[in-house]
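Tertiary structure, described
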Amino acid sequence: MRVLMFCHRFNSLSQRFYCELSEAGHEVSIELDVHPNLMVEAVSIFKPDLIIAPFLKRKIPRAIWENYITLVVHPGPPGDRGPNALDWAILEEEKEWGVCMLSAVEEYDAGDVWAYRTFPMRRAKKSSIYRREVTEGAVECLWEVMESLERGRVEVKPQENGRFRPTVDKRLRAINWQTDRTEDVLKKVYSGDGQPGALASIGGKEYYLFNAFPEGYLRGKPGELIAKRDEAVCIATTDGAVWIGHLREKGRYGIKLPAVRVLPEVLIEGLREEPLKPWETVDFPTYREIVYTEHKNIAYIDFEFYNGAMSTQQCERLLDVIKYAKKRPVKAIVLLGGEDFFSNGMNLNTIEASESPADESWRNINAIDDLCEEILTTLDKLTVAGIRGNAGAGGVFFALCCDLVFARKGVVLNPHYKNIGNLYGSEFWTYTLPKRVGWEKGKEIMENRMPISSEKAFRLGLIDGVLGNSPEDFLEKIKAFLQDFVDSAEFENFIMRKKEERLKDWSKKPLRSYREEELENMRLNFYGFDTSYHIARYYFVRRFLPFRTPPYLALHRRLSP
């Protein structure tokens, strides 16, 4: 079936739809909603059997939906209408929510229902609910629709008792430190996480807040900055306190950054540090980017970096934890990333905001390479990457430095660097990728700018297995597998063979040589005459929309004369 996807951005849900459809054998092309005329043109070129809009902000022209089956994904249950469905669900503390696929019509979200799913609401960020419950429900809807079309028996139902809710007024998300409880602050920040954030005054200046966590111990006067930890700040509420991981200055060109990098130095310099080692245990909720735990003879390292981006400083902190784990009497070290993202490589926001983006890019890539080298040179223990959430660019190749790599079913991987200004890439990919898939297949993977599913990555030999349908299920399965493996007779042989193979490889070509060769290419990306990387990063960080659909997305435009 020929499927055309309309997208505002090629976001996580759109990428998941692309993987599901293309890997099932459907011919899929993508057109961004740059202009209605271009959408009409895309349809006339591609002549699709089906049009799907997983994520859209522009109306689909009547000329399209009157002549083609055109379905829109709405992140709310039947009857809910409007652009901020999840925002409202969090603000109004809905206990159950949903996602549906609707016929495109003139009125927003008012079309007939083709399929829908409901789910219990978690106490979580909007972006997390979107990437997990909404995405999984939408995929189930997608396959229900595809199967009904293939059978030729389509049953649709008109919506009843529909209610259109407008864009959330920023005042509903505005935080009043003098009256808001911790739960109020969390709810407001969760509802705006991703975009647009929750507006609050700190030190007499207004900021948008993101990445909030409850604090169960520290206290202060409402609105008072009371502590800092790992570039986050703790602010007192009327009944407790919250940690704010990221802020954005109010204004058109503000960049979302770790909180201590945004606030004036006068507010930060006198703030007390509240250190918490990753291996320390606490019996109250608090903010922790990295958590180290041991179960029997296996070490687990969770690193919940916002949006999967790893700044130089975060890499350095994670490196300290990996070095700590290597000294512990454990047989295996498991890198788990976060539940929504494993890793997306370098932190483009902190790079963009630095005094010299080229220099910070260089520091950041070297910090990630230090992590990778520490993992690759762990010869006496098993190293494992447990990919619970999506991963991209250097984050994928960071995972591939481990002996074994497992991913959750439904995870989307982008194992390439091309989409950010044709970066060459590092993280020892020239060593690890050919060893897994060979040079020819490795070259194909690196040249492909499109996402792949965890299932396809397994079929390609890129990863070692796919486990579980949810982050919780994945964690349970990987723990059971690894416990059996490290306790088996085969384990010692595995470690011995790994050590022999690595030392043999590096006697022919030292590991350091791979890093140096990759970084020579990266140096050209950062400091050379071709400024593609810097331009792409600038547009990505500041969320500028493209003026056309990139050819790698628009199959129809590559095929047209």
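Everything below is about the structure shown above.
Below or above, wherever it landed, is the structure these notes cover.

Each value, and the rule that gives it
- The residue numbering used here restarts from 1 in each chain and proceeds along that chain's sequence as written.
- Since the coordinates come from a predicted model, pLDDT governs what is reported: local features require at least 70, and pairs of side-chain atoms require 80 or more to be given and counted, while whole-chain, interface and lining totals use all residues.
- Heavy atoms throughout the structure, all of them, feed into the side-chain values; hydrogens and water do not.
- The pairing criterion is simple: DSSP has to find at least two bridges between the two strands.
- Helix and strand labels come from DSSP, where a helix needs a run of H or I of at least four residues and a strand needs a run of E of at least two; each type is numbered from the N terminus.
- The classification of residues rests on relative accessible area computed with a 1.4 Å probe and restricted to protein chains. Under 20% of the type maximum is buried, over 50% is exposed, and intermediate values are partly exposed.
- Any N or O atom pair separated by 3.5 Å or less is treated as a polar contact, with the protein-specific requirement of one donor-capable and one acceptor-capable atom, and with residues adjacent in sequence counted only for side-chain atom pairs.
- It only takes one pair of heavy atoms within 4.5 Å for two residues to be counted as in contact.
- Between the rings of Phe, Tyr and Trp (Trp by its six-membered ring), a pair exists once the centres lie within 6.5 Å; its type follows the angle of the planes, with under 30 degrees stacked, over 60 edge-to-face, and the other angles tilted.
- Each ring is checked for a lysine NZ or an arginine CZ that lies within 6 Å of its centre and within 35 degrees of its normal; such an atom marks a charge sitting over the ring.
- Buried Ala, Val, Leu, Ile, Met, Phe, Trp, Tyr and Cys residues form a nonpolar core when they are joined through side-chain atoms within 4.5 Å.

Concerning the sheet that holds strand β20 (residues 390-392)
Spatially, the four strands line up as an open sheet ordered β18-β20-β22-β23, and their pairing is mixed. Bordering the open sheet on either side are β18 (341-343) and β23 (452-453), each of which pairs with just one other strand. Where strand β22 (residues 412-414) and β23 come together, two bridges link them in antiparallel fashion. Among the inter-strand pairings, V412 is bridged to a residue of β23, identified as S453.

Section: the side chain of N390
Inspection of the secondary structure assignment puts N390 in strand β20. Note on N390: relative accessible area 15%, which makes it buried. Polar side-chain contacts of N390 include one of 2.9 Å to the backbone nitrogen of V412. When residues no more than four places from it in sequence are discounted, the contact partners of N390 are S12, D340, F341, F342, S343, G410, V411 and V412.

Points about the packing of aromatic side chains
The geometry of an aromatic ring pair is captured by two quantities: the separation of the ring centres and the angle between the planes. If you walk through the whole model with that rule in mind, you get 23 aromatic pairs. Relative to Y324, the ring of Y292 lies with its centre 5.2 Å away and its plane at 85°, an arrangement referred to as edge-to-face. In this pair, Y292 is assigned in strand β15 (residues 290-295) and Y324 in helix α10 (residues 312-327), connecting sequence segments 32 residues apart. Using a relative accessible area of 24% as the deciding quantity, one classes Y324 as partly exposed. Consider the rings of Y431 and Y514, whose centres lie 5.1 Å apart with planes at 55°: the pair is tilted. Residue Y431 is found in helix α14 (residues 429-437), and its partner Y514 is found in helix α19 (residues 511-527); the two are separated by 83 residues along the sequence. No difference in accessibility class separates Y431 from Y514, as the two residues are buried. Following the ring pairs from residue to residue traces out a cluster consisting of F406, F481, F485, F491 and F494. Sitting over the face of the ring of Y300, K479 holds its NZ or CZ atom 5.0 Å from the ring centroid.

Comments concerning the nonpolar core
Counting residues in each nonpolar core, the largest one holds 133 residues, and the members touching the most others are M5, L209, V233, I301, L318 and F398. No other element matches the ten residues that helix α5 (residues 126-151) contributes to this core. For L209, the contacting residues outside a window of four places in its chain are I175, W177, V189, G197, A198, A200, I202, I244, H246 and L247. Residues I298, V334, F491 and F494 belong to the second largest nonpolar core, which totals 18 residues.

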